Amino acid sequence: MASAMSMNASPVHPPKITTVKALVESTGSSSIPSFYNFTPYLRDEPIAGDAPIAGDAEDAVPIIDISLLVSGTPEEQSQIIHQLSKACSDWGCFMVINHDVTESLTKAMIASFQEFFDLPEEEKKEYQGNHVMDPIRCGTVESTGSSSIPSFYNFTPYLRDEPIAGDAPIAGDAEDAVPIIDISLLVSGTPEEQSQIIHQLSKACSDWGCFMVINHDVTESLTKAMIASFQEFFDLPEEEKKEYQGNHVMDPIRCGTGFNPSLDKANYWRDFLKCFAHPEFHTPNKPAGFSEIAREFSKRNREVVIILLKAISKSLGLEESYVEKAANFELGLQLLAANYYPTCPEPEKAIGIPAHYDHGLLTTLVNNGVSGLQVKHNEKWFNVNIPANVLFVQVADHLEILSNGKYKSIAHRALVNNKATRMSIALAHGPALDTIMRPAPELVDNESDQPAYVEMTYRKFLELQQTGRLRSKFQSDIEQSKAV
Ligand SMILES: O=C(O)CCC(=O)C(=O)O
Ligand SMILES: [Fe+2]
């Protein structure tokens, strides 16, 4: 189901292998093919902040005396060419001295730009351009006189999708720490018990962004039947599964491999099947019984989520059907996704699903007893082992948007292992596709408090995410400033 992708160079696809499962079954080798090797891409994860600051570069950045290139002896010239080669390969930058861009000309240029910026706003407007190809273009970031920036400049929701893997330390297992919510007390507890659970939910959503739900109505036997049925689907001959291959995020049934094939750099060690389960129900018509089990499983999960959304609304100080109404949840998109991670001979090199945030309101997740899920909490990765009778629930992007950032969607990823095939089943419970989602005005409560998120429909959000444009919007700004 997953969402926030952060990789966007040209994809590298394995020749003619349609699923990781087929690959594993056909090779049985002890190393993984190079196009599954994720380690080169671990380097390009951070947008900001994680690398230490080593000091000023002046003493170290190479210095190139260009006058020697122009009028030096042949030895001097080749020495400078050697220095250039080292500068370009070691640093990617250098300082040029003794050139003909005179200091006085540079000073005059700076002074002249200063004078331009000092012109009355009206006069500068004449040169306002919007397109990177406009031959003259001036623009502005207005001073608001406030300590926060207007929401339409806020790129942080999109910056947050930075980490692909590996940067944060592993802090250990999360079971002892992830909050546990006894949903039966929300349904039939005393008023005191109910408000205690609502308080626990509020803490769980704001401190962690995830929690374990116990005593719910998705029975262990139903979950087991669902897992077994997905296993049968993945065991179908490749030819039969091909029928359900879909390419577009809006295809109601989609099976494939990877994560976001139009954006993936490396291949992910994961096959998937995704079906829209609500408002319309779609599933493959094989294996036998699959559709009935999937329908019941999706319905029961949805019932749990409705209970949780009511309690979460209350925990935000809103009336209990607030989130459901704001998201038009009656027509909400529910996506049933199964992830299949075969055993991997080199698990440290590959990744099942890179770090991402889910896009709905809440995600409910179960697995087949094999671990691999990690969540990021306080800048550390925690292993999450989901017990058989527990629904693991994650806060997703649209609850973050609706709560104006009070509750944040949680970064998570799936690692692979060399011992047992892992399967997880995630249900993304989202708003209706054409409902415009924005922060609840009640949670943007005073003048200085701006809505922290841009409004858009869930459909638009999904489409932008799929093309990588939630993130590349940010990158195009970098391109523009380079192009000036
Ligand atoms: O396999 C897992 O545990 C995580 C799956 C996931 O994050 C997703 O499907 O979005
Ligand atoms: Fe996810």
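Here's a quick rundown of the structure. These figures come from a predicted structure and were not determined experimentally.

Looking at the element boundaries, Tyr458 is found in helix α15 (residues 458–466). Sequence separation of Tyr458 and Gly332 is 126 residues, and the distance between their C-alpha atoms is 9.7 Å. With sequence-adjacent residues up to four places away left out, Tyr458 is seen in contact with Leu333, His359, Gly360, His398, Gly430, Pro431, Ala432, Leu433 and Thr435. One polar contact links Tyr458 to His359, side chain to side chain, over a distance of 2.8 Å.

Packed helices, taken two at a time, are described by the angle between their axes plus the distance between the axes. It is the contact of helix α9 (residues 191–208) with helix α12 (residues 290–315), at a shortest axis distance of 9 Å, that shows an interaxial angle of 85°. Judged by the angle between their axes, α9 and α12 are roughly perpendicular. Contacts between α9 and α12 pair Ile198, Leu201, Ser202 and Cys205 from the former with Leu308, Ala311, Ile312, Lys314 and Ser315 from the latter.

A few words on the packing of helix α10 (residues 220–235) against α12. Relative orientation of the contacting elements α10 and α12 amounts to 135°, with a least axis distance of 9 Å. One way to sum up the angle between α10 and α12 is to call them oblique. Relative to α12, the crossing made by α10 is left-handed. Where α10 abuts α12, its residues Leu222, Thr223, Ala225, Met226, Ser229 and Phe230 lie against Phe290, Ile293, Ala294, Glu296, Phe297 and Arg300. Residue composition of the contact of α10 with α12, grouped by class: 8 nonpolar, 2 polar and 2 charged.

Surrounding the iron ion (ligand 2) are the protein donor atoms His356 (NE2), Asp358 (OD) and His412 (NE2), which sit 2.1 to 2.2 Å from the metal. One chain supplies every donor to the iron ion (ligand 2), and in sequence these donors are spaced H-x1-D-x53-H.

Before going further, it helps to examine the sheet that holds strand β5 (residues 210–214). Strands sit in the order β4-β5-β13-β10-β15-β8-β7-β6 across an open sheet of 8 strands; the sheet is mixed. Either end of the sheet is taken by a strand with one partner, and the two such strands are β4 (180–182) and β6 (253–257). Between one strand axis and the next, the sheet turns through 25° on average, direction left out of account. Pairing of strand β7 (residues 271–278) with strand β8 (residues 334–341), which is carried by 7 bridges, proceeds in the antiparallel orientation.

Calculation criteria
- Residues numbered from 1 in each chain as written.
- Chains lettered and ligands numbered in written order.
- Predicted model: local features only at pLDDT ≥ 70, side-chain atom pairs only at ≥ 80, totals over all residues.
- Heavy atoms only, no water.
- Helix = DSSP H or I, 4+ residues; strand = E, 2+ residues; numbered from the N terminus.
- Contact = heavy atoms within 4.5 Å.
- Polar contact = N/O pair within 3.5 Å; in protein donor to acceptor, adjacent residues only side chain to side chain.
- Axes fitted to C-alpha atoms, helices over the stretch in contact; angles between N-to-C directions.
- Parallel < 35°, antiparallel > 145°, perpendicular 65-115°, else oblique.
- Left-handed = near helix turned anticlockwise from the far one by under 90°.
- Nonpolar A, V, L, I, M, F, W, Y, C, P; charged D, E, K, R; others polar.
- Donors = N, O, S within 2.8 Å, 3.2 Å for Na, K, Ca; no water.
- Pairing = 2+ DSSP bridges.

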